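# An overview of the molecular structure
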Amino acid sequence: MEGGEERLVRRARDGDAAAREQLISDYLPLVYNVVGRALDGHADVDDVVQDTVLRALRGLGGLRDPSRFRSWLLAIAMNQVRRRWTAGRRRPTVDLESAGEIADPSADFVEVAVARLGLSGQRREVAEATRWLDPADRELLALWWSEVAGELTRPELAAALGLTTAHAAVRVKRMKEQLDAVRVVVRALAAEPECPTLAAMTAGWDGRPAPLWRKRIARHARDCRACSEHRRALVPAESLLAGLVLIPPPPQLARELLPVAAVRSAAVRNAALVAVPAVILAGLAVWGLWPSDEPRPPIAAPETSALPSPREKPRPAPPPSSRAFAAWLSPAPSKSGGGLREQVVRLVNTERARRGCRPMRENARLTAAAQKHSEEMASRRTLDHASADGRNPGDRITAAGYRWRAWAENIAQGSRTSTAVMASWMKSPGHRDNIVNCGLSEIGVGISLRPGGPWWTQKLADPR
């Protein structure tokens, strides 16, 4: 007999919008926890979760067996995680250009787990040990953690990885051995009093978990009489993790994804993504949904009003020459952010040209409103589309004297250069859709270089 979960999947597959919304509500916490642990709290966690859910909704019609939905969904999540790790390995060595891609410490999934689940003692050590695992082991641990917490079965874990149950058992055994080894590493580093030999060995270490230091410290812990004692007191990880609840996903994730479920056909959904960016969808309402005060990664979800139909259809346009593109990047940023502002506008128009949209014009009122919001975010040390007095982006550009027909706003924190922040925005579907929306014609950019930043604001609008 078909269970309630399978009936829900079948209804969602048949286009029932309410069932799709229920599926997102039911499975978003599981996907968020698995992706968060697999990516070690990287700033891209929310993007990967969104990509996973949207891909699942698009592909739901091809799922023949509703009973396999959970493992099928997690297989999509694992594929997205691997793509993100692969993309990360292709990036050059981190410098100022890519500093904005580094995970924000406030988004660290380990610290989120410790704080929200109240982890302490060896449970906390297990969470901290995940930072030391290789990506493949962390990916497996993310699924195994959900298994021992009662959210997954072993066959579902195996199916999510594309393995047989027997092969999955071997992988889990090896991962647990590695996990215990790094738990000893965590304990040895935190021991009081500290091991003098270990302290001398790690004197030049920067404190960041890395494979080379994992091997060195683990080898020392095996050979050192004092440090080897840490292994004897280890409680089996499955005993520590069993029954733990899932970490609640940020409220804005559900607000961003639930409206997408209501769009039944791919054609209608694609049209909606042009009209109202996917990262913040409010159906066809004039106002978007404003984010909560939850901690955010360096790039916040974009905000948008209901956007008009594009004035012109996208038409093919050749990208600018590499020489011209390089020339746009050459000016050094000034202390006021002026050079960065000009570069952002030029990069925006480059992306629009590639998609057949007309270039945006700078508008002094939008620039003033954007600069004021960047300064306010910097003074409050927060990343938020809402002002301290509760005003939304539309209110702010109206107060600046701009009469608008439609608007959108992108904000970010921490990216050191115009190329870094633009690269980050263009990797996020909602931010990208704001930038390349042909129905918006004017732009203002604000940048505050105060401590904790830079703080970036893009105001994109179309006048009345």
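For the structure itself, consult the block above.
An account of the accompanying structure is given in this report. (Residues numbered from 1 in each chain as written. Predicted model: local features only at pLDDT ≥ 70, side-chain atom pairs only at ≥ 80, totals over all residues. Heavy atoms only, no water.)

## Thoughts on the overall build of the protein
So the rule is basically this: In this text, helices come from DSSP runs of H or I with a minimum length of four residues, and strands from runs of E with a minimum of two, each type numbered from the N-terminal end. When a residue's accessible area, from a 1.4 Å probe over protein chains only, is under 20% of the maximum for its type it is buried; when over 50% it is exposed; and in between it is partly exposed. In this description, contact between two residues means that some pair of their heavy atoms is separated by no more than 4.5 Å. Surface accessibility follows the Shrake-Rupley procedure with a 1.4 Å probe radius. Residue values consider only the protein chains on display as shielding.
Across its full length, the protein carries 21 helices and 5 strands. Out of the 464 residues in the protein, the part that is buried amounts to 53%. Considering only contacts within the protein whose residues lie at least 6 apart along the sequence, 72% involve residues at least 24 apart. As displayed, the protein offers around 21,000 Å² of accessible surface, 53% of which is attributable to carbon and sulfur atoms.

## Here's the deal with unusual backbone geometry
That bond from Glu 192 to Pro 193 is cis: its omega, 0 degrees, falls within 30 degrees of zero. Looking at the secondary structure, you find Pro 193 in the loop between α9 (165–190) and α10 (196–201). For Arg 381, which is not a glycine, the phi torsion comes out positive at approximately 55 degrees. Checked against the element boundaries, Arg 381 lands in the loop between α18 (364–380) and α19 (393–399). For Arg 381, a relative accessible area of 54% puts it in the exposed group.

## Some details on the state of the cysteines
Filter applied, for reference: Here, the term disulfide refers to a pair of cysteine sulfur atoms separated by no more than 2.5 Å.
Using the criterion set out here, one finds 1 disulfide in the structure. For Cys 357, the disulfide goes to Cys 438, at an S-S distance of 1.9 Å. Of note, the bridge from Cys 357 to Cys 438 carries an S-S torsion of about -75 degrees and is left-handed in sense. One end of the pair, Cys 357, is in the loop between α17 (338–354) and β2 (361–362); the other, Cys 438, is in the loop between α21 (429–435) and β4 (442–448), and 81 residues separate them in sequence. Taken as a pair, Cys 357 and Cys 438 share a single burial class, namely buried. With no disulfide of its own, Cys 195 lies closest to Cys 224 among cysteine sulfurs, the gap being 3.9 Å. Residue Cys 195 is classed as buried on the basis of its relative accessible area of 11%.

## So, the environment of Leu 23
Relative to the assigned elements, Leu 23 resides in helix α2 (residues 17–38). Using a relative accessible area of 4% as the deciding quantity, one classes Leu 23 as buried. It is 7.4 Å that separates the C-alpha atoms of Leu 23 and Leu 8, two residues lying 15 residues apart in sequence.

## A few points about helix α3 (residues 45–59)
An α-helix turns once every 3.6 residues. As a result, residues three or four positions apart point the same way. Let me state the cut-off plainly: Each helix should span, by expectation, one fewer than its residue count multiplied by 1.5 Å.
With 15 residues, α3 extends 21 Å between its outermost C-alpha atoms, agreeing within 8% with the 21 Å of an ideal straight helix rising 1.5 Å per residue. A large share of α3 lies buried, amounting to 12 of its 15 residues. Turning to α3, its buried residues number three or more, namely Val 45, Asp 46, Asp 47, Val 48, Val 49, Gln 50, Asp 51, Thr 52, Val 53, Leu 54, Ala 56 and Leu 57.

## Focus: the nonpolar core
Worth spelling out the cut-off: Put simply, buried Ala, Val, Leu, Ile, Met, Phe, Trp, Tyr and Cys residues joined by side-chain atoms within 4.5 Å make one nonpolar core.
Core analysis: the largest hydrophobic core is formed by 76 residues, its most contacted members being Val 35, Leu 143, Trp 144 and Leu 179. Here this core takes 11 residues from α2, the largest share from any one element. Excluding residues within four positions of it along the chain, Trp 144 makes contact with Arg 154, Leu 157, Val 172, Met 175, Lys 176, Leu 179, Ala 237, Glu 238 and Leu 241.

## Brief notes about the pairing of strand β5 (residues 455–463)
Counted only if it meets this: A pair of strands is considered paired only if DSSP assigns at least 2 bridges between the two.
Of all 9 residues making up β5, 8 are buried, and the element is well covered by its neighbours. Summarising the sheet, strand β3 (residues 404–413) and β5 pair through 9 bridges and their orientation is antiparallel. Paired with Ala 408 across the strands is Leu 460, a residue of β5. Pairing of β4 with β5 involves 7 bridges; the strand directions are antiparallel. Opposite Gly 444, over in β5, you have Lys 459 as the bridge partner.

## What about a positive patch on the surface?
Rules: Patches in this entry comprise residues that are over 30% relatively accessible and not in a salt bridge; like charges within 9 Å are linked, as are nonpolar side chains (Val, Leu, Ile, Met, Phe, Trp, Tyr) within 5 Å. Throughout this description, the term salt bridge denotes a Lys or Arg side-chain nitrogen within 4 Å of a carboxyl oxygen of Asp or Glu. His residues and chain termini do not enter the charge count, which takes Lys and Arg as positive and Asp and Glu as negative. The atom standing in for a charge is NZ when the residue is Lys, CZ when it is Arg, CG when it is Asp and CD when it is Glu.
On the surface, a cluster of positive charge is contributed by Lys 215, Arg 216, Arg 219, Arg 222 and Arg 231. Looking at the positive patch, the element that brings in the most residues is helix α11 (residues 211–223), giving 4 residues. Summarising the element assignment, Arg 222 is placed in helix α11.

## Comments concerning the packing of helix α6 (residues 121–129) against α9
Formally: Axis angles are defined between N-to-C directions and span 0 to 180 degrees, where every axis is a line fitted to C-alpha atoms and, for a helix, only to the segment in contact. Roughly parallel refers to an angle under 35 degrees, roughly antiparallel to one over 145, roughly perpendicular to one between 65 and 115, and oblique to any angle outside these ranges. Each residue is assigned to one of three groups, with Ala, Val, Leu, Ile, Met, Phe, Trp, Tyr, Cys and Pro labelled nonpolar, Asp, Glu, Lys and Arg labelled charged, and all others, Gly among them, labelled polar.
It is at 9 Å that the axes of α6 and α9 come closest, and there the two elements cross at 110 degrees. Between α6 and α9, the angle falls in the class roughly perpendicular. Contact residues: Gln 122, Glu 125, Val 126, Glu 128 and Ala 129 in α6; Leu 179, Val 182, Arg 183, Val 186 and Arg 187 in α9. When its residues are assigned to classes, the contact of α6 with α9 shows 5 nonpolar, 1 polar and 4 charged.

## Focus: the pattern of salt bridges
According to the stated counting rule, one finds 21 salt bridges in the structure shown. A salt bridge links Arg 361 to Glu 442; the shortest N-O distance between them is 3.0 Å. With Arg 361 in strand β2 and Glu 442 in strand β4, the pair connects residues that are 81 residues apart, well separated along the chain. A residue is classified by how much of its surface remains accessible, and Arg 361, at 45% relative accessible area, is partly exposed. On the basis of relative accessible area, Glu 442 is assigned to the buried category, the value being 9%. The salt bridge partner of Asp 389 is Arg 391, with a shortest N-O separation of 3.1 Å. By relative accessible area, Asp 389 is classed as exposed at 53%. Its relative accessible area of 26% is what places Arg 391 among the partly exposed residues.

Shape descriptors only; they carry no functional weight alone.
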